[in-house]
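Here are the chains, one letter per residue:
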Amino acid sequence: MDAYRVKAEINLDALEHNLREIRLTAGSGVRVILVVKADAYGHGAKAIANHALRCGIDALGVGTSAEALELRESGVRVPILVLGTIIDSEAADCLRHSVHIVLHSTDRAAMIQSLARSMGVRAKVHLNVDTGMGRLGVPPARALELLRLVRSSPNLDLAGVMTHVSASDGALSASTREQARLFEGVLREARAEHLLRGWIHMANSASIFTGLKPLYDTVRPGISAYGILPGDLAAAQRLQPILSLRTQIVFLKDVPAGTPIGYSSTWRAPRATRIATLPIGYHDGLPWALGNVGEVLVRGLRAPIVGRVSMDYITVDVGHVPGASVGDCVTVIGEDGAESISVEDLARQAGTIPYEITCSFGRRVQRLYVGGEDLTIPSQRDPRPLERERSPKASFRVPLPPPTS
Ligand SMILES: *Cc1c(COP(=O)(O)O)cnc(C)c1O
């Protein structure tokens, strides 16, 4: 029996395909900040970043300074942007390792300026304009004031101006057009005062793949690199799923009709059948909501999850699966023969979004990387051998390289 309880197999050739689709759609000359926050949406940030850099992406977006430093430690030298907001105590680490940060207020700008001066560095900052997300960013009416402050701060380098789209269907939504109009207004005023510097970026995956115009000189795709688009967008057909999630049968039991299965006995066998126990539960990222709702693939056949999803195990009815045996590989996400289950299927059944599914894979899930040997995109910048993580515990540290920007 293979030594895995749950394994996520991540196909780097499919990642490369998706990155190529992103480039083709965004247009040549448009810079790509690949978003690898939340451990690359659960796919493993170091390995994903490493391969994406070999495929020629320009920069990385992360959620926290710790994520940025982990990438720096693994040898990443391209610009890394903390997309949201840092908290004050993260600032020094960001400046020390030349991590780009986002400004949302004059107070923060003043704080970063004085910290950067005391450290003898120049901070790379992006201004976030809140055009309708309502979460972070300065209101358009205050953007110019902040840009002037940045220009007059000797230790602040304006590295970009950005906004973030709220609609999950991107350019198809009227709200996105309104956001684009507000953003364009800020850019026009800033240009008139010669305040614009650095990269201009707005588009996430949905906006790129629904034809948002203009895309400016930089885009910030995340989920599409992982083969998924939000909101059932048709362009998803051009992307390839990069992940499959597998477990195996660890126990089989023949039960008579009426046997209760799982916590709170929410399912009783309607007839005599065979129940397989699988070592995957909600800690591994399988939503609790899939109890009595979800399915898995066993020997090429769909088998329903019966009873509740528990922390470490689920139970499935395999009464109709000839020859089901302990040790059989079971597909939770991916293909088995003619059948397949996508991240989107799982999300729909669990009443959530695909992002939450992949981000929820737990620490016990082994991530295995396949493919990626034959790059068809010439590698740029920082070619290095692919780091393979055989288990979530595997990690090594290398000395920090000097950051390049
Ligand atoms: C997460 C994030 C993205 C990427 O969004 P996707 O929908 O995954 O493409 C882009 N920009 C910002 C600011 C983000 O937080």
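Right above here is the structure, for reference.
From a predicted model like this one, the values you see are computed outputs, not experimental measurements.

Definitions and cut-offs
- Residues numbered from 1 in each chain as written.
- Predicted model: local features only at pLDDT ≥ 70, side-chain atom pairs only at ≥ 80, totals over all residues.
- Heavy atoms only, no water.
- Helix = DSSP H or I, 4+ residues; strand = E, 2+ residues; numbered from the N terminus.
- Rg over C-alpha atoms; globule rule 2.2 N^0.38 Å.
- Buried < 20%, exposed > 50% of the residue type's maximum accessible area, 1.4 Å probe, protein only.
- Contact = heavy atoms within 4.5 Å.
- Phe/Tyr/Trp six-rings, centres within 6.5 Å; stacked < 30°, edge-to-face > 60°.
- Pairing = 2+ DSSP bridges.
- Axes fitted to C-alpha atoms, helices over the stretch in contact; angles between N-to-C directions.

A. Quick peek at the overall build of the chain. Along its length, the chain carries 11 helices and 20 strands. Its C-alpha radius of gyration of 24 Å places the chain within 12% of the 22 Å reference for a compact globule of 405 residues. Counting all 405 residues of the chain, 55% fall into the buried class. Of the contacts made within the chain by residues no fewer than 6 positions apart, 68% connect residues no fewer than 24 positions apart.

B. Just the packing of aromatic side chains, in detail. Tallied over the entire structure, the rule returns three aromatic pairs. Ring geometry for Tyr41 versus Tyr226: centroids 4.9 Å apart, planes at 40°, classification tilted. One end of the pair, Tyr41, is in helix 2 (residues 37-41); the other, Tyr226, is in the loop between strand 9 (218-219) and strand 10 (243-248), with 185 residues separating them in the sequence. Exposure remark for Tyr41: the relative accessible area of 6% places this residue in the buried category. Seen from their ring centres, Tyr41 and Tyr355 are 6.0 Å apart, and the 35° between their planes marks the pair as tilted. With Tyr41 in helix 2 and Tyr355 in helix 11 (residues 354-359), this residue pair connects regions lying 314 residues apart in the sequence. Looking at Tyr355, the relative accessible area reads 27%, which means it is partly exposed.

C. Molecular detail of the sheet that holds strand 17 (residues 314-317). Ordered by their spatial adjacency, three strands build an open sheet running 11-14-17, and the pairing between neighbours is antiparallel. The sheet is open, and its two edges are formed by strand 11 (251-255) and strand 17, each paired on a single side. In this sheet, adjacent strand axes meet at a mean angle of 30° when their direction is disregarded. In terms of strand pairing, strand 14 (residues 273-278) meets strand 17 through four bridges, oriented antiparallel. In the sheet register, Leu278 faces strand 17, and the bridge partner there is Ile314.

D. Examining helix 3 (residues 45-54) more closely. The element helix 3 is largely enclosed, with a buried count of 10 among its 10 residues. For helix 3, every residue scored as buried is listed here: Ala45, Lys46, Ala47, Ile48, Ala49, Asn50, His51, Ala52, Leu53 and Arg54. In the stretch just after helix 3, Gly56 is the one whose phi turns positive, near 95°.

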